[in-house]
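Letter by letter, the chains look like this.
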Amino acid sequence: MTRDIIDINDFIILVEEAKVNEATIDSCSFEEPLIAVAFYGSGNVDLKVKYGDKQKDFNYTKGLALSFYADDKVEFIHTVSSSKPLECLVIATSIKVLDKLPNQEGELFGEMLAQLVNPSDHYVEGPHFIMTPEMQAIVDSLFNIQYEGKTKMMFFRSQITALLSHFFGQLASLKTEKINVQERGQLNEAKDILLKNIDNPPSLNELSRQIGLNTFKLKKDFKAYFGVPVFKYLQNERLTLAHKLIRNRDASVQEAAWHVGYDSLSSFSNAFEKKFGYRPSQIK
C-alpha cells in the first residue's frame, strides 16, 4: 500500500495504490471538511462510505469519477484483493479556500457542485459517472509516470489541471443529456457485461437483448453517456488491459493479445500503436 499526499495550488492530492495477494481492508478519513473528486484507475476495488449509521456501497469502481463532500465523521473503506487492486486519485479542497483557487476554479465548484459547497450531512454525494477515455488516459498516466524530480512534479501538476477540466466539461455535458436514471442503469449494465466478457463480447443485438434496451438506443445513448461508441469503448479497455499485462510482465505480447480477444498479432500491434503511440514490443 502506498499513499502520497501532494499540495498543489490549494488542492490536496491524495494518491493511493495497493496490490495485494490476500484480501485487505484499507480505511481512510479526512481531518477537515473537504470537497473532493475521486478518480479510480484500472483497479476495480470495492468501496464502502460509512458515516453515522449510514453506508453507501460501490461494488464496481473501475473508471469511476465520484464527487463528494465529507467531514471528519466519514470513513472510506476499500476492500482490496489480488483481483481487485486499488488505484485511486483524489483531488480535494476545503470550502474556506474556494475563493482562493486559481483560474476561477472556485466558481466552477460553486456553480456545478452547489450541493457540496452547502452540505446537508456529514457525507453528501455529488455527480458521479464513468470517465471518458481522455480522463482515463490521464489517470493511467499519473499512475505510471516515467519522470523524476522537478520534471515529475511539473507533469503531475499539468495533468491534474487537465483532469479537472475534463471532469467539469463532462459534468456540463451530462447536465444537458436527456438519458433518464433507468437508462443510465441499463448502460452501466451493458458496460459491465462487456468488461466481464472482454475476450469474447456479445454482439450488439445480444447485448441489447440482455439489458432490455433496443439496439438504436443502445448505440446512441452509450456514445452520449460514455463518450465513445460501444465497441470503441471495448477496444480501449482491451488495449489498456493488454498494456498492463505486458508492463507488469504478467504476459508476453502474444499472450496479452490472446487474453483480450485478438486472434491476429499484427491487428493487435497496429491497434495498440494507434492508441499508445508505440508498439507493444517497445514497453520496458
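Sequence order as written defines residue numbering, which begins from 1 separately in each chain. Since the coordinates come from a predicted model, pLDDT governs what is reported: local features require at least 70, and pairs of side-chain atoms require 80 or more to be given and counted, while whole-chain, interface and lining totals use all residues. Processing note: side-chain calculations cover all non-hydrogen atoms of the structure and skip hydrogens and water entirely.

Going by what an unreviewed UniProt entry lists, the protein chain is known as AraC-type DNA-binding protein and is assigned to Arenibacter palladensis.

> For this particular structure, what's the right way to read the pairing of strand β10 (residues 123–130)?
In summary, the side chains of a regular strand alternate between the two faces of the sheet. Here β10 lies mainly inside the structure; six of its eight residues are buried. Examined bridge by bridge, strand β7 (residues 64–70) and β10 share six bridges and lie antiparallel to one another. Its bridge partner lying in β10, Y69 is registered against V124. For every residue, the accessible area obtained with a 1.4 Å probe (protein chains only) is divided by the maximum for its type, and the residue is called buried under 20%, exposed over 50%, and partly exposed between those limits. Put simply, DSSP marks the helices as runs of H or I at least four residues long and the strands as runs of E at least two long, and each gets a number from the N terminus on. A pair of strands is treated as paired once DSSP finds two or more bridges between them.

> For this particular structure, what's the right way to read the pairing of β7?
β7 sits mainly inside the fold: seven of its seven residues count as buried. Along β7, one buried face is formed by L64, L66, F68 and A70 and the opposite face, lined by A65, S67 and Y69, is buried too. Taken together, the six bridges between strand β4 (residues 34–40) and β7 define a ladder with antiparallel strand orientation. In the sheet register, I35 faces β7, and the bridge partner there is Y69.

> Looking at this model, I keep getting lost on the confidence of the model for the protein chain. Mind explaining?
Detail in the predicted coordinates should be disregarded across regions flagged by low pLDDT. Note on scores: pLDDT gives the predictor's confidence for each residue, bounded by 0 and 100. Put simply, the protein chain has an average pLDDT of 86, and 96% of its residues get 70 or more. No element of the protein chain has a lower mean pLDDT than helix α1 (residues 105–112), which averages 73, and none a higher one than β4, which averages 94.

> What exactly am I supposed to notice about the packing of aromatic side chains here?
Geometry of an aromatic ring pair is reported as the spacing of the ring centres plus the angle between the planes. Ring pairs shown here join Phe, Tyr and Trp side chains whose ring centres sit within 6.5 Å, with only the six-membered ring taken for Trp; geometry is labelled stacked below 30 degrees between planes, edge-to-face above 60, and tilted in between. Under the defined criterion, the tally for this structure stands at 14 aromatic pairs. Aromatic side chains Y51 and Y123 sit 5.2 Å apart centroid to centroid with 45 degrees between the ring planes, which places their arrangement in the tilted category. Here Y51, found in strand β5 (residues 46–51), pairs with Y123, found in strand β10; they are 72 residues apart in sequence, far enough to count as distant. Each residue in the set F30, Y51, F68, F76 and Y123 is aromatic and connected to the rest through ring pairs, giving one cluster. Lying across the ring of Y262, R238 places its NZ or CZ 5.7 Å from the centre. Should the NZ of a Lys or the CZ of an Arg lie within 6 Å of a ring centre and within 35 degrees of the ring normal, that charge is described as sitting over the ring.

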